[in-house]
Amino acid sequence: MEFALTPEQKLIQQTAREFADEKLAPLAAEYDRSEEFTAPQAKMLAEMGFLGMMVPEAYGGSGLDTISYVLAMEEVSRACAATSVTMTVQNSLVCWPLEHYGSEEQKRQFLVPLAKGEILGCYGLSEPSAGSDPASMATTAVEDGDSYVLNGSKIFISNGGVSEVALIWAQTDRDLKHKGITAFILERGTTGFQVGAEEKKLGIRGSNTTELLFEDCRVPKANMLGALGEGFKIAMQTLDGGRIGIASQALGIGQACIDAAVKYAHERQVFGKPLSDIQNIQFKIADMAMEVQASRLLTLYAAWMKDQGVRFSKEAAMAKLHASEAANFAADMAVQIHGGYGYLRDFPVERLYRDARITEIYEGTSEIQRLVIGSAALR
């Protein structure tokens, strides 16, 4: 669908590409080495208007479509996947549910500063015993006067330690299972709300990932997101859009692998000629290019479906599944083309290989995507 992009979308793509190449790419290896989230990452994204891309201008956002978001996400991810984590969480997992399910007061209080990038947010659904099966969550919210009291914990929370706002899902009626789940907006500093230790990760090390802990944490009823018992629906609809974001991230990683492999193949001399002259290497790069381009078209189509306002769960799952597996394939081939050098941190493909792996896991594993696709196809 690149051939069908509007002039505005192409401009956003080019702007994001220049920003990524000039500001992010030179710092990506350092972010990975230090394993620390740095405030300038978020500040740069905010200055570009990339933290509230699809939020209407009336609420502090850029008022753009999902296709524009995909294009910008791919470019940012190509340069630094760790930075793109903040971008996808803010846009897909935090701003979207607040825009679509928040009250007017909640939008003014939380969505506006989030969309402007003045503060960061996070999405708390996964638990130690409830990852792919959120209906099994143990975190509870018990009504008490004009508040709900939360007890429990969330794990693997991207931006968990650097966010001022957290969207948290809890059981308000365990007997109703998934229909008894409700979403809440928690503010940093709320009594009983603590951030756990930061996780040490295989990849995307320059992003922040923590546990969130709730012990008799009192949340005003005014901070309930959506209606009582509507949380599971909100979470699943949010993840549909989130999967488009992760597909875009995987696209960027996959394209970076192709770029690195092509560059190395032209520079490396073997048997008296460039590595790029060897047919077997050409075949590897051809397969990488084909898989990534197929993923790009699937992702743009899912984004287009979302922009049309029609159901896109299957399309988002297809995009996320194909793009994440293509990214891992491209990373594997890129390391292989580099040979022993691909195993060294001196070359970017070592980092890309590690960064790619998570895309098949978070916001729904590849197994969950196949369940979603298969269920839709069998209807």
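Now for a description of the structure that goes with this document.

Criteria and thresholds
Residues numbered from 1 in each chain as written. Predicted model: local features only at pLDDT ≥ 70, side-chain atom pairs only at ≥ 80, totals over all residues. Heavy atoms only, no water. Helix = DSSP H or I, 4+ residues; strand = E, 2+ residues; numbered from the N terminus. Rg over C-alpha atoms; globule rule 2.2 N^0.38 Å. Contact = heavy atoms within 4.5 Å. Areas by Shrake-Rupley, 256 points an atom, 1.4 Å probe, with all protein chains shown as cover. Buried < 20%, exposed > 50% of the residue type's maximum accessible area, 1.4 Å probe, protein only. 1 Å grid on protein atoms, 1.4 Å probe; cavity = no way out; pocket = protein on both sides within 12 Å on 5 of 7 lines; lining within 4 Å. Points joined across faces, edges and corners; volume = space filled by probe spheres on them. Nonpolar A, V, L, I, M, F, W, Y, C, P; charged D, E, K, R; others polar. Core = buried A, V, L, I, M, F, W, Y, C linked by side-chain atoms within 4.5 Å. Phe/Tyr/Trp six-rings, centres within 6.5 Å; stacked < 30°, edge-to-face > 60°. Salt bridge = Lys/Arg side-chain N within 4 Å of Asp/Glu carboxyl O. Expected span 1.5 Å × (residues − 1). Bend = angle between axes of the 7 residues up to and from the residue. Polar contact = N/O pair within 3.5 Å; in protein donor to acceptor, adjacent residues only side chain to side chain. Axes fitted to C-alpha atoms, helices over the stretch in contact; angles between N-to-C directions. Parallel < 35°, antiparallel > 145°, perpendicular 65-115°, else oblique. Left-handed = near helix turned anticlockwise from the far one by under 90°.

1. Here we look at the overall build of the chain
Line of reasoning, step 1. In terms of helices and strands, the chain carries ten helices and ten strands.
Line of reasoning, step 2. Scaling as 2.2 N^0.38, a compact globule of 379 residues should have a C-alpha radius of gyration of about 21 Å, and the chain matches this with 21 Å.
Line of reasoning, step 3. Judged by the C-alpha coordinates and their principal axes, the chain covers about 80 × 40 × 40 Å.
Line of reasoning, step 4. Looking at the chain alone, contacts between residues at least 24 apart form 74% of all its contacts between residues at least 6 apart.
Line of reasoning, step 5. Only carbon and sulfur atoms are counted for the fraction: they give 54% of the accessible area of the chain, which is about 16,300 Å².

2. Comments concerning the side chain of Ser 248
Line of reasoning, step 1. Structurally, Ser 248 is set in helix α6 (residues 231–267).
Line of reasoning, step 2. Residue classification places Ser 248 among the buried residues on the basis of a relative accessible area of 0%.
Line of reasoning, step 3. With residues up to four places along the chain from it excluded, the contact list for Ser 248 reads Val 70, Met 73, Glu 74, Ser 77 and Thr 299.

3. Some details on the layout of surface pockets
Line of reasoning, step 1. In this structure, the second largest pocket spans a volume of roughly 330 Å³.
Line of reasoning, step 2. Together, 19 residues line the second largest pocket, and Trp 96, His 100, Lys 306, Gly 309 and Phe 312 are the ones closest to its centre.
Line of reasoning, step 3. Among the secondary structure elements, those contributing two or more residues to the lining of the second largest pocket are α4 (81–101), α6 and α7 (279–307).
Line of reasoning, step 4. It is α4 that contributes the most residues to the lining of the second largest pocket, five residues altogether.
Line of reasoning, step 5. Classifying every residue of the lining of the second largest pocket by side-chain character gives seven nonpolar, six polar and six charged.

4. Observations regarding the nonpolar core
Line of reasoning, step 1. Formed by 98 residues in total, the largest nonpolar core has its most connected members in Phe 50, Met 87, Leu 98, Trp 169, Cys 257, Met 288 and Ile 337.
Line of reasoning, step 2. Of the residues forming this core, the biggest block, 16 residues, is contributed by α6.
Line of reasoning, step 3. Not counting residues within four places of it along the chain, the set of residues in contact with Ile 337 comprises Ala 261, Tyr 264, Leu 275, Ile 281, Lys 284, Ile 285 and Met 288.

5. Things to note about the packing of aromatic side chains
Line of reasoning, step 1. Enumeration over the complete set of coordinates arrives at nine aromatic pairs.
Line of reasoning, step 2. Relative to Phe 184, the ring of Tyr 148 has its centre 5.3 Å away and its plane inclined at 50°; by these criteria the two rings are tilted. Linking Tyr 148 in strand β3 (residues 147–158) with Phe 184 in strand β5 (residues 181–187), this pair joins segments that are 36 residues apart in sequence.
Line of reasoning, step 3. Tyr 148 sits in the buried class, given a relative accessible area of 6%.
Line of reasoning, step 4. Residue Phe 184 is classed as buried on the basis of its relative accessible area, which comes to 0%.
Line of reasoning, step 5. Here a set of aromatic residues connected by ring pairs shows up, and it is made of Tyr 264, Tyr 341 and Phe 347.

6. Some words on the pattern of salt bridges
Line of reasoning, step 1. Counted under the stated rule, the structure contains 17 salt bridges.
Line of reasoning, step 2. We note a salt bridge from Arg 354 to Glu 350, for which the minimum N-O separation is 2.7 Å. Here Glu 350 and Arg 354 lie together in helix α9 (residues 348–357), a separation of four residues that amounts to about one turn. Comparing Arg 354 with Glu 350, the two get one shared label, buried.
Line of reasoning, step 3. If you follow the salt bridges from partner to partner, you end up with Arg 17, Asp 21, Glu 75 and Arg 78 in one network.

7. With respect to helix α5 (residues 104–116)
Line of reasoning, step 1. Its 13 residues place the ends of α5 17 Å apart at the C-alpha level, agreeing with the 18 Å of an ideal helix rising 1.5 Å per residue.
Line of reasoning, step 2. The principal kink in α5, of about 35°, is found at Phe 110, preceding the proline Pro 113 by one to four residues.
Line of reasoning, step 3. All of the buried residues along α5 are Gln 106, Lys 107, Phe 110, Leu 111, Val 112, Pro 113, Leu 114 and Ala 115.
Line of reasoning, step 4. Backbone geometry just downstream of α5 places Gly 117 in the positive-phi region, at approximately 80°.

8. Topic: the side chain of Gln 249
Line of reasoning, step 1. Assignment of secondary structure puts Gln 249 in helix α6.
Line of reasoning, step 2. There is a polar contact of 3.3 Å between the side chain of Gln 249 and the backbone oxygen of Ala 81.
Line of reasoning, step 3. Filtering out sequence-adjacent residues up to four positions away, Gln 249 remains in contact with Met 73, Ser 77, Ala 81, Ser 84, Val 85, Thr 359 and Tyr 362.

9. Structural notes on unusual backbone geometry
Line of reasoning, step 1. Positive phi values are uncommon outside glycine, yet Asp 216 reaches one of about 50°.
Line of reasoning, step 2. Its place among the elements puts Asp 216 in strand β7 (residues 209–220).
Line of reasoning, step 3. Classification of Asp 216 by relative accessible area gives exposed; the value is 52%.
Line of reasoning, step 4. If you check the backbone angles, Glu 363 has positive phi at about 55° while not being a glycine.
Line of reasoning, step 5. Mapped onto the secondary structure, Glu 363 falls in the loop between α9 and α10 (366–377).

10. Examining the packing of α4 against α6
Line of reasoning, step 1. Relative to each other, α4 and α6 sit at 155°, their axes nearing to 9 Å. Between α4 and α6, the angle falls in the class roughly antiparallel. Where α4 crosses over α6, the handedness of that crossing is right-handed. Between α4 and α6, the contacting residues are Ala 81, Ser 84, Val 85, Thr 88, Ser 92, Leu 93, Trp 96, Pro 97 and Tyr 101 on the first element and Lys 233, Ile 234, Gln 237, Thr 238, Leu 239, Gly 241, Gly 242, Gly 245, Ile 246, Gln 249 and Ile 253 on the second.
Line of reasoning, step 2. Of the residues that constitute the contact of α4 with α6, the class distribution is ten nonpolar, nine polar and one charged.

In short, shape yes, function no, at least from these values alone.
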